[in-house]
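Observations on the model geometry
For reference, the chains in residue letters:
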Amino acid sequence: MVSRSPIDLVPGRDYPRDWNQFLDWFPDEESCLSFLEQLRWPDGFVCPRCNARQEPYRSSRGRLMCRACRYQCTVTAGSVFDKTRTPLRTWLAAAWYVTNQKIGVSALGLQRVLGLGSYQTAWAMLHRFRRAMVRPGRERLAGKVEVDETYVRIFDPNKLLKGAKRRGRAANTLIAIAVEVLEPKGFGRVRLKRVVEGSEEYLLPFVRETVQPGARVHTDGSPAYRSLSKHNYAHEKAVHLGADDPAHVTMPGVHRVASLLKRWLIGTHQGAIQSKQLDYYLDEFAFRFNRRTSRSRGLLFYRLLEQAVITQPVTYEQIAAPRGT
Ligand SMILES: [Zn+2]
């Protein structure tokens, strides 16, 4: 699916301009279903089984039936909303809240604002949205790109519940950061990934996954990056004017991203993140950072749902035990 360009998207027509308009647009489940249908099939319904393009038969509770092969489906089947028991109105309100809070929201905050019955429901909704925050096939960074690593301190909230002291359970985790540096000033997009250690074995694959060959890659000159030029990157090592040269002078992009990331992890999430979930929080941080100049928060709401309707479903069990851990 080709995502619609922001120039074609109009507030008040393609997405709600504000909360009042949101309430007007989504009074019931039907209005939510037809909005999601617009996002999933912008050029009209396409049968997931036979690919016929024809207006489907419609029955109650959003069931659609292909006129050609009689296959039945719903707009939410095969998406992050698959088999949900939470009303779509609640999902859309959650998406609105998540994207309108510039720094994001914790599960507890979402549970309170939506009046959800359980913390687990709020927690799983946020995690399902995080799965939709990475656009498949997204481009690699280009131009001038700073690459460095930083440590973040997080602690496991489950262990805290068992009575352990917060400080004792906090762990340092190494995060690789790549950020585009614009000229004459400003920063472009960012990519982040947790790495086991700051060695070539982990950092070279990170650069190759996230940065376009031909880019100018700026590093602190650590041996981990010594073979970048063999992989078609123009490698520039930061010039240290003195031993005490602060990072924000030589690597302003990664320094800025690292400090925003730490503030976000502590501020929004109180540093309480299960370490196996950290990659998904990094995805959310990148989603927000890369769209920070978006002229409308409604556009973020649109983008999040646009990706959510084409993102594979995940079960609660898969969320609670991700990536084989
Ligand atoms: Zn069909």
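Described below are features of the structure shown in this document. Here the structure is a predicted model, which means the values were calculated and not measured. (Residues numbered from 1 in each chain as written. Predicted model: local features only at pLDDT ≥ 70, side-chain atom pairs only at ≥ 80, totals over all residues. Heavy atoms only, no water.)

**Thoughts on the overall build of the protein**
Our working rule: Here a strand is any run of E in DSSP of at least two residues, a helix any run of H or I of at least four, and the numbering for each starts at the N terminus. Type-normalised accessible area, obtained with a 1.4 Å probe on protein chains alone, sets the label of each residue: buried when under 20%, exposed when over 50%, and partly exposed for intermediate values. A 1.4 Å probe and the Shrake-Rupley method give the accessible areas. Residues count as covered only by the protein chains that appear here.
Counting its regular elements, the protein contains 13 helices and 8 strands. The buried share of the protein, taken over its 325 residues, is 47%. Carbon and sulfur atoms form 50% of the exposed surface of the protein, whose accessible area is close to 16900 Å².

**Focus: the coordination of the zinc ion**
Cut-off, in case you're wondering: A donor here means any N, O or S atom no more than 2.8 Å from the metal (3.2 Å for Na, K and Ca); water is not included, so a site may seem to lack partners. Geometry is assigned from donor-metal-donor angles: four donors are tetrahedral when every angle falls between 85 and 135 degrees, four are square planar and six octahedral when opposite donors sit over 155 degrees apart with all other angles between 65 and 115, and any other arrangement is irregular.
Bound to the zinc ion are the protein donor atoms Cys47 (SG), Cys50 (SG), Cys66 (SG) and Cys69 (SG), situated 2.3 Å from the metal. Every donor counted, the 4 donor atoms about the zinc ion form angles of 106 to 112° at the centre, which fits tetrahedral coordination. Between consecutive donors of the zinc ion, the numbers of intervening residues give the motif C-x2-C-x15-C-x2-C. With relative accessibility at 24%, the residue Cys69 sits in the partly exposed group.

**Considerations on the sheet that holds strand β1 (residues 57-58)**
Quick reminder of the rule: Two strands qualify as a pair provided DSSP detects at least 2 bridges between them.
Overall, antiparallel pairing links the 3 strands, which are arranged β1-β2-β3 in an open sheet. A strand with exactly one partner marks an edge of an open sheet, and here the two such strands are β1 and β3 (72-73).

**Considerations on the packing of helix α3 (residues 88-100) against helix α4 (residues 107-114)**
Condition: Here an angle of 0 to 180 degrees is reported between the N-to-C directions of two axes, which are lines fitted to C-alpha atoms, with helices fitted over the stretch in contact. In this scheme, roughly parallel covers angles under 35 degrees and roughly antiparallel covers those over 145, while 65 to 115 is roughly perpendicular and the rest are oblique. Should the near helix be turned anticlockwise from the far one by less than a right angle, the crossing is left-handed, and should it be turned clockwise, the crossing is right-handed. Any pair of residues with heavy atoms lying within 4.5 Å of one another is described as a contacting pair. In this classification, Asp, Glu, Lys and Arg are treated as charged, Ala, Val, Leu, Ile, Met, Phe, Trp, Tyr, Cys and Pro as nonpolar, and every other residue, Gly included, as polar.
At a closest axis distance of 11 Å, the pairing of α3 and α4 adopts a crossing angle of 125°. The angle between α3 and α4 falls in the class oblique. Pair α3 / α4 crosses with right-handed handedness. Counted together, Thr90, Ala93, Ala94 and Tyr97 of α3 and Leu110, Val113 and Leu114 of α4 form the full contact between these two elements. Classifying every residue of the contact of α3 with α4 by side-chain character gives 6 nonpolar, 1 polar and no charged.

**So, the sheet that holds strand β5 (residues 171-181)**
Overall, mixed pairing links the 5 strands, which are arranged β6-β5-β4-β7-β8 in an open sheet. One side of each edge strand has no neighbouring strand; the edge strands of this open sheet are β6 (187-194) and β8 (234-237). Direction aside, neighbouring strands of the sheet carry axes that sit 30° apart on average. Packing of helix α10 (residues 252-267) onto the sheet brings it into contact with β4 (144-154), β5 and β6, and relative to β4 it is tilted by some 30°. Each of β4, β5 and β6 touches helix α11 (residues 278-290); the most contacted strand, β6, lies at about 180° to it.

**Examining unusual backbone geometry**
The omega angle of the peptide bond from Glu183 to Pro184 is 10°, so this bond is cis rather than trans. Counting through the fold element by element, Pro184 comes out in the loop between β5 and β6. The residue Asn51 is not glycine, and still its phi comes out positive at about 65°. Tracing the backbone through its elements, the reader meets Asn51 in the loop between α2 (29-40) and β1. Of the residues examined, Asn51 reaches a relative accessible area of 53% and is grouped as exposed. Of note in this structure, Arg70 is not a glycine but carries a positive phi near 65°.

**Section: the nonpolar core**
For clarity, the cut-off: To form a nonpolar core, buried Ala, Val, Leu, Ile, Met, Phe, Trp, Tyr and Cys residues must be joined to one another through side-chain atoms within 4.5 Å.
Among the nonpolar cores identified, the biggest contains 51 residues, and Leu36, Phe81, Leu92, Phe129, Phe301 and Leu305 are the most heavily contacted of them. Of all elements in the fold, only α2, α3, α4, α5 (119-131) and α12 (297-308) reach the threshold of two or more residues within this core. Among the elements that line this core, the one with the most residues is α3, at 8 residues. The contact partners of Phe301, leaving out residues within four places of it in the chain, are Pro16, Phe22, Phe26, Phe35, Leu92, Ala95, Trp96 and Thr99. Val152, Leu192, Leu278 and Phe285 belong to the second-largest nonpolar core, a separate cluster that totals 22 residues.

**Side note on the packing of aromatic side chains**
Convention followed: Planes of paired rings set the category: under 30 degrees apart is stacked, over 60 is edge-to-face and the rest tilted, where pairs are Phe, Tyr or Trp rings (Trp by its six-membered ring) whose centres lie within 6.5 Å. Ring-over charges, as used throughout, are those where CZ of Arg or NZ of Lys falls within 6 Å of the ring centre and within 35 degrees of the ring normal.
As enumerated under the stated definition, the model contains 18 aromatic pairs in all. Seen from their ring centres, Trp25 and Phe26 are 6.1 Å apart, and the 70° between their planes marks the pair as edge-to-face. Judged by relative accessible area, Phe26 falls into the buried class, the value being 2%. Taking 5.3 Å as the distance between ring centres and 85° as the angle between the ring planes, the aromatic pair formed by Trp91 and Phe129 counts as edge-to-face. Here the residue Trp91 occupies a position in helix α3, and Phe129 occupies one in helix α5, the gap between them amounting to 38 residues. The pair Trp91 / Phe129 is uniform in exposure class, with both members buried. The rings of Trp19, Phe22, Trp25, Phe26, Phe35, Trp96 and Phe301 are connected pair by pair, giving a single aromatic cluster. The positively charged end of Arg130 is found above the aromatic ring belonging to Tyr281, 4.0 Å away from the centroid. The side chain of Arg292 reaches across the aromatic face of Phe289, ending 3.9 Å from its centre.

**What about the pairing of strand β7 (residues 216-219)?**
Sheet topology note: the β4/β7 ladder contains 3 bridges and is parallel. Bridged to Glu146 within β7 is His218. Inspection of the sheet shows β7 paired to β8 by 4 bridges, in the parallel sense. Paired with Thr219 across the strands is Lys237, a residue of β8.

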